[in-house]
Amino acid sequence: MPELPEVETIIRRLKGGGGAPSVVGQRIQSVEVNWGKIIALPDPSQFKQNLIGKTIIDAKRRGKFMHFPLDIGHLFAHLRMSGDMRLEKKLESVEPYDRVLLNFSEDYRMVFSNIRKFGRIWYTNDPKDVIGKLGPEPLSENFTPQHLYEELQAHSRQIKPLLMDQTFIAGLGNIYTDEALYISGIHPMRPSDSLTKADAEHLHHAIQNVLREGIRSLGASIDWIYRGGQFQNYFKVYKKEGTPCPRCGTSIEKIKVGQRGTHFCPRCQIFKE
DNA sequence: ACGAGCGCCTGTCGGC
DNA sequence: TGCCGACAGGCGCTCG
């Protein structure tokens, strides 16, 4: 479930508010690591030592990364293909996929759950170690149609894998990329430098729209990981192969682009060189 | 610079 | 029914 809108939803929940508990202000008393490879930096035993006694002073998102500034240093987490970050009472039972637990001084703990063990957690004094190479935030002011157009021209790559390259733009994954390309009428395999200025403007608008709608819906919930998001009910092409295009009625197709399942309308999204 | 192939993991689904 | 391969919301690596 983890693309920008889902991570944003998780972060907002972790921040609490409205009477709900928050990770902000919590002091880490102990750390449990049940799968060592989850800890990307430093090694797991150092990781524990570094975290104990630290206090979380904020919870933020950058691309698909969760970012927890501490009183000293920074904690980052990435869910990769599966998983969740929960804030819960220490009384709750530990679930089978709970890989890393941060026990706070009082009542609560934060739990990194990750079925496929692809997720990663970092502790570092320098955020650049983790998020230094990320492209712009798609919902920030410095991501403009002009910027997008110029960057598209600067590369000659298939548009879909380029949009999913986190150094190009931070936060898009398979779902929101397919949806944004559909909305803007761009074939997923088109060379990035074949896009016109008008194409780039449409794409920029579509990216921001689909992400905002995703956040408004609290993300998408599919398969066995359900977290209450509703965006799956608004998919126009993702997982819609064989159903009629909402705009022209042509059957939605599924192909592979850059090794990833890709859904598009062959009539609305014409390939051009 | 770019794209393909593959590894990392666990679970589900469709075909035979 | 049972098995087996393909596939899944991601990303880093190697190779050509």
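Residues numbered from 1 in each chain as written. Chains lettered and ligands numbered in written order. Predicted model: local features only at pLDDT ≥ 70, side-chain atom pairs only at ≥ 80, totals over all residues. Heavy atoms only, no water.

Visitor: Any chance you could explain the pairing of strand β7 (residues 98–104) here in plain terms?
Guide: Within a regular beta strand, the side chains point alternately toward one face of the sheet and then the other, so they alternate between its two faces. Of all seven residues in β7, seven are buried; the element is thus mostly enclosed. Sheet analysis places strand β1 (residues 28–33) next to β7, joined by five bridges and oriented antiparallel. In the strand pairing of β7, Glu32 is matched with Leu101. Here β7 folds back onto strand β8 (residues 108–113), and the loop between the two strands holds three residues, one of which, Asp107, carries a positive phi near 55°. (Buried < 20%, exposed > 50% of the residue type's maximum accessible area, 1.4 Å probe, protein only. Helix = DSSP H or I, 4+ residues; strand = E, 2+ residues; numbered from the N terminus. Pairing = 2+ DSSP bridges.)

Visitor: Honestly, the environment of Asn34 in this entry has me stumped. Any pointers?
Guide: As for its position among the elements, Asn34 is in the loop between β1 and β2 (39–41). Those residues within four positions of Asn34 in sequence are excluded, and the remaining contacts are Asp98, Arg99 and Leu101. A distance of 3.0 Å separates a polar atom in the side chain of Asn34 from the backbone oxygen of Asp98. (Contact = heavy atoms within 4.5 Å. Polar contact = N/O pair within 3.5 Å; in protein donor to acceptor, adjacent residues only side chain to side chain.)

Visitor: How should I be thinking about the domain arrangement of chain A in this particular structure?
Guide: It is common to report an interface's size as the accessible area lost on association of the parts. Along its sequence, chain A is organised into domain 1 (4–131) and domain 2 (145–264). Taken over C-alpha atoms, the centre of domain 1 sits 29 Å from the centre of domain 2. Between domain 1 and domain 2, the contact holds 15 residues from the first and 15 residues from the second. Taken together, the links from domain 1 to domain 2 amount to zero salt bridges. Our count for the contact surface shared by domain 1 and domain 2 stands at four residue pairs in polar contact (both at pLDDT 80 or more). With eight residues, helix α1 (residues 4–14) is the largest single contributor of residues to the side of domain 1 that touches domain 2. A per-class count over the side of domain 1 that touches domain 2 returns four nonpolar, four polar and seven charged. (Domains from an automatic or database assignment. Salt bridge = Lys/Arg side-chain N within 4 Å of Asp/Glu carboxyl O. Nonpolar A, V, L, I, M, F, W, Y, C, P; charged D, E, K, R; others polar.)

Visitor: Which parts of the structure should I look at to understand helix α6 (residues 174–183)?
Guide: Each α-helix turn comprises 3.6 residues. Residues three or four places apart therefore point the same way. Taking burial as the measure, the 10 residues of α6 include nine buried ones, the bulk of the element. Within α6, burial applies to Asn174, Ile175, Tyr176, Thr177, Asp178, Glu179, Ala180, Leu181 and Tyr182. Where α6 is buried, its residues contact α1, α5 (159–164), α7 (197–216) and β11 (260–264). Two residues or fewer after α6 comes Gly185, characterised by a positive phi angle close to 70°.

Visitor: When you look at the nonpolar core in this model, what are you seeing that I'm missing?
Guide: Here is a general trend for soluble globular proteins: nonpolar side chains tend to be buried in one another's company. Among the nonpolar cores identified, the biggest contains 30 residues, and Leu14, Met66, Phe68 and Met110 are the most heavily contacted of them. With sequence-adjacent residues up to four places away left out, Met110 is seen in contact with Leu14, Val23, Ile56, Phe68, Leu75, Met85, Arg86, Val100, Leu101, Leu102 and Phe104. With 27 residues, the next largest nonpolar core counts Leu148, Ile159, Leu172 and Leu181 among its residues. (Core = buried A, V, L, I, M, F, W, Y, C linked by side-chain atoms within 4.5 Å.)

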